[in-house]
Amino acid sequence: MTGVQATGGTGLRGPGRPERRWFALGVIAAAQLMTALDATIVNIALPSAQRALGFSDAQRQWVVTAYTVCFAGLLLFGGRVADTIGRRRAFQIGLAGFGLASLAAGLAPTLLVLAVGRALQGAFAALIAPTVLSLLAVTFTEQRERTRAFAIYGAVASSGAATGLLLGGVITDYLDWRWCLFVNVAIAGAVLAAGRVVLPAPPRSGSAGLDASSAVLVTGGLAAVVFGCGQAAVHGWTQPLVLGAVIGGVAMVGVFGLRQSRITDPLLPLRILADRGRAGAYLGTATAVVGAFGMFLTLTYHLQVVLHYSPVRAGLGVLPMTLANALSGYQLGNRLMPHLPSRILIAGGLLVAAAGLGLMTRLTPHSGYLAIILPAEVLIGVGMGALFPPAFQLAIRGVTQRDAGVASAVINAATQVGGSIGTAILNTLAVGATTTYLATHTPTATRYETALVHGYATATTWATGLLAVMAVLVYLLIPAPRPAQRGRTNPH
C-alpha cells in the first residue's frame, strides 16, 4: 500500500536531466527533516509556551501527544490516500496542510488552539510520510545512485531529532517559542514550490476504498487512551472520566482490529502481526520510544526549570542522547546484525536503555549534569541505537511486496504510539508524584524544585521497570534463529 515501488524509467520528465534527480532528493529529504524535527523542536520550547499560555503541568503533554497521536493513527490511512490520489499530489497536499497547521499552532492564543494545530500537523505528516520513500525509489532506479540516495536520505532523517533540539533552543532563546512552529511555514512553502518543478509523478497504485471508518476508530481510540492517561494526573486513575476514556479507547482499538479481520481490503492486514518476530520488533520499538520521549519531556523541564538552563543550553544538554543514538545505530546496530540474533540486539538495547533510565532515578535538585544526566543520556542513546536497526529490518523481513509498505508503516506507527501513550502516562506519574510530595512535606524555599525532581524520578522508575520487563518479553517472543542460519545474518 505504502511500499516502495520501482518503475522502469527514471520517474522524471526526460532521462537526460540527471541533475534534477538530486534536486528531487533535496526536496524529499527536506520534507522528511521537517516532519522529523517537529517531534522535538517544540519540546525545548515547551516551558516557554507553558508560561505564555498558562496551562498546567498535567496539560503540557498535549503539545507533544496531539501530534504523535494523529501521526500514528492516520499513518496507514495516509498511505491509502497516497495510493488513491497519487503520491506526488498527496505529497503536495501534505506539505500545504502541514504549513497551514504550523501557522495556526504558532498563532495559538490558548492551549486548545495549540493542541488542535499540533494535531493537524500530525495528520498532514501522516500524509507526507508514506510518499517520501516511494518518490525516492521512482526517482533513482539505477542501483548505485539509489544506494547513495537512500544513504543521504537516512542521514538526514536520523538527524531530525538533533536538529529539532538545537533549532528549538536557538529560536526560543533569540526569537520566541512561536517561531519554532512558524519555521515550518517557510520550509513547507519552499519545499512545495521546488517539488512542483523537480518531483516525479508516478502513477496511482491503488483503487481500493479509503476506509475512513477504520482510520477514525484507531485514531479516536488512541486519542481517548491518551486523554484518559492525561486526566489521571488531575482526577486520579479510579475516576469514571479516566476509566471511561481508557476503556472506551481500548474498545475502539479492539473494534478496529475486529474490522480489519472482516473487510476485504483492510488498512492493517492482521497477517502482518501474526509473525512473532515482527510483533516483537514492533513491541520493542514502541517500548524504547516510551523511554526516549519520557526522557525528553522530563529532561527539558529539569534542565530549564530546576537547573535554570537557557533553551539553547538545554538543547545542547539533551543533544548527547541523540548523538549516541545515531553513532550506536551505525557502529553497533548495523555492524552486529550479521553476527548476533535480532532478539539479543533488541532485548539488549532495551536493557542498556533501562540502565540509563535507572541512573536518572538518582536525580536530586543538586545533581550535576556530568555526574548523572550525561552518562544516563549516553546509555539510553546507545541502547536505542543498538535496537532500532535490527528492529526495523526484522519488521519488514519476509513480507511480500504487497505487504512491504504496510509493514514499514506499522513500525513507524509503533514509534508514534509509544511516544503518545508513553508521554501521557509518564507525565501523569510525574505530576501525581510531585503533587503528593508537596502535600505531605513541610514547606521550604526549595520544596517545589525538590518535588519536581521527585516526580521526574518516580516516572523514570516506572519507565525503567517497563523497559526491563519488556526486554525479557521481547526476547521470549522473537524466535531464536534456526541452526542452519547461525554465522550469518539471522532473520530473528
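Thoughts on the overall build of the protein chain
A count of helical and extended segments in the protein chain gives 16 helices and 0 strands. The 492 residues of the protein chain split such that 55% are buried. Expressed as a percentage of contacts within the protein chain between residues at least 6 apart in sequence, the contacts between residues at least 24 apart total 83%. Counting every atom, the protein chain has about 19,500 Å² of accessible surface; 67% of that belongs to carbon and sulfur.

Description of the pattern of salt bridges
Tallied over the full model, the rule gives 3 salt bridges. Aspartate 57 is paired through a salt bridge with arginine 60; the nearest N and O atoms lie 3.4 Å apart. The class for arginine 60 is buried, based on a relative accessible area of 4%. Taking the shortest distance from any N to any O, the salt bridge between aspartate 265 and arginine 80 comes out at 3.8 Å. Here arginine 80 lies in helix 2 (residues 62-85) and aspartate 265 lies in the loop between helix 9 (240-260) and helix 10 (271-274), a separation of 185 residues in the sequence.

Concerning the packing of helix 11 (residues 276-306) against helix 14 (residues 369-396)
In contact at an axis separation of 9 Å, helix 11 and helix 14 are set at 155° when each is read in the N-to-C sense. Comparing their axes, helix 14 and helix 11 come out roughly antiparallel. Remark: the crossing between helix 11 and helix 14 carries left-handed chirality.

Section: helix 2
The axis of helix 2 is deflected most strongly, by about 50°, at leucine 75. Among the 24 residues in helix 2, 22 count as buried, and that is most of the element. One or two steps after helix 2, the chain reaches glycine 86, where phi turns positive at roughly 105°.

Comments concerning the packing of helix 2 against helix 8 (residues 212-235)
Think of two packed helices as two axes; the pair is described by the angle between the axes and how far apart they sit. It is at 9 Å that the axes of helix 2 and helix 8 come closest, and there the two elements cross at 155°. Taken as axis vectors, helix 2 and helix 8 run roughly antiparallel relative to one another. Helix 8 is crossed by helix 2, and the crossing has right-handed handedness. Contacts from Trp62, Thr65, Val69, Cys70, Ala72, Gly73, Leu74 and Phe77 in helix 2 reach Ala212, Ala215, Val218, Thr219, Leu222, Ala223, Val226 and Phe227 in helix 8. Considered class by class, the residues forming the contact of helix 2 with helix 8 number 13 nonpolar, 3 polar and no charged.

A look at unusual backbone geometry
Phi angles above zero are rare outside glycine, and histidine 308 is one such case at about 60°. For histidine 308, the location among the structural elements is in the loop between helix 11 and helix 12 (311-336).

Topic: the confidence of the model for the protein chain
Here the protein chain shows a mean pLDDT of 82. Residues at 70 or above account for 86%. Within the model, the stretch residues 486-491 combines pLDDT values under 50 with 18 contacts to residues more than four positions away or in other chains.

Here's the deal with the layout of surface pockets
Considering only enclosed or pocket space, the second largest pocket measures out at about 920 Å³ in volume. Within the residue set of the lining of the second largest pocket, elements represented by two or more residues are helix 2, helix 8, helix 9, helix 11, helix 15 (401-440) and helix 16 (447-477). Per-element accounting of the lining of the second largest pocket gives the leading share, 10 residues, to helix 15.

So, the environment of leucine 199
Examined against the element boundaries, leucine 199 turns out to sit in the loop between helix 7 (179-198) and helix 8. Owing to a relative accessible area of 1%, leucine 199 belongs among the buried residues under this scheme. Along the primary structure leucine 199 and valine 138 are separated by 61 residues, whereas in three dimensions their C-alpha atoms are 9.8 Å apart.

Here's the deal with the packing of aromatic side chains
One pass over the full model with this rule turns up 3 aromatic pairs. When the centroid spacing of 6.3 Å and the interplanar angle of 40° are considered together, the rings of tryptophan 62 and phenylalanine 227 count as tilted. Taken together, the positions of tryptophan 62 in helix 2 and phenylalanine 227 in helix 8 put the pair 165 residues apart, joining distant regions of the chain. Look at tryptophan 62 and you get buried, because its relative accessible area is 19%. The residue whose ring lies beneath arginine 60 is tyrosine 301, and the NZ or CZ to ring-centre distance is 4.3 Å. The ring of tyrosine 475 is capped by arginine 343, whose NZ or CZ atom sits 4.0 Å from the centre of that ring.

Structural notes on the side chain of threonine 423
In this fold, threonine 423 is placed in helix 15. On the accessibility criterion, threonine 423 (1% relative accessible area) is buried. A distance of 2.6 Å separates a polar atom in the side chain of threonine 423 from the backbone oxygen of glycine 419. Not counting residues up to four positions away in its chain, the partners in contact with threonine 423 are Gln61, Val64, Thr65, Phe293, Leu297 and Gly418.

Points about empty space enclosed by the protein
Empty space among the atoms can be located by rolling a probe the size of a water molecule over them. On inspection of all chains with the given rule, the structure shows 2 cavities of 30 Å³ or more. Quantified by volume, the largest cavity comes out at close to 50 Å³. Gly291, Gly294, Met295, Thr298, Leu357, Leu426, Ala459, Thr460 and Ala463 are the residues that line the largest cavity. Considering each element in turn, the lining of the largest cavity owes the most residues, 4 residues, to helix 11. Residue composition of the lining of the largest cavity, by class: 5 nonpolar, 4 polar and no charged. Estimates place the volume of the second largest cavity at around 40 Å³. Every residue along the wall of the second largest cavity is listed here: Arg60, Gly294, Leu297, Thr298, Thr423, Leu426, Asn427 and Ala430. Per-element tally for the lining of the second largest cavity: the top contributor is helix 15, with 4 residues. Here the lining of the second largest cavity is composed, by residue class, of 3 nonpolar, 4 polar and 1 charged.

Parameters and conventions
- Residues numbered from 1 in each chain as written.
- Predicted model: local features only at pLDDT ≥ 70, side-chain atom pairs only at ≥ 80, totals over all residues.
- Heavy atoms only, no water.
- Helix = DSSP H or I, 4+ residues; strand = E, 2+ residues; numbered from the N terminus.
- Buried < 20%, exposed > 50% of the residue type's maximum accessible area, 1.4 Å probe, protein only.
- Contact = heavy atoms within 4.5 Å.
- Areas by Shrake-Rupley, 256 points an atom, 1.4 Å probe, with all protein chains shown as cover.
- Salt bridge = Lys/Arg side-chain N within 4 Å of Asp/Glu carboxyl O.
- Axes fitted to C-alpha atoms, helices over the stretch in contact; angles between N-to-C directions.
- Parallel < 35°, antiparallel > 145°, perpendicular 65-115°, else oblique.
- Left-handed = near helix turned anticlockwise from the far one by under 90°.
- Bend = angle between axes of the 7 residues up to and from the residue.
- Nonpolar A, V, L, I, M, F, W, Y, C, P; charged D, E, K, R; others polar.
- pLDDT = per-residue confidence, 0-100.
- 1 Å grid on protein atoms, 1.4 Å probe; cavity = no way out; pocket = protein on both sides within 12 Å on 5 of 7 lines; lining within 4 Å.
- Points joined across faces, edges and corners; volume = space filled by probe spheres on them.
- Phe/Tyr/Trp six-rings, centres within 6.5 Å; stacked < 30°, edge-to-face > 60°.
- Lys NZ or Arg CZ within 6 Å of the ring centre and 35° of its normal.
- Polar contact = N/O pair within 3.5 Å; in protein donor to acceptor, adjacent residues only side chain to side chain.

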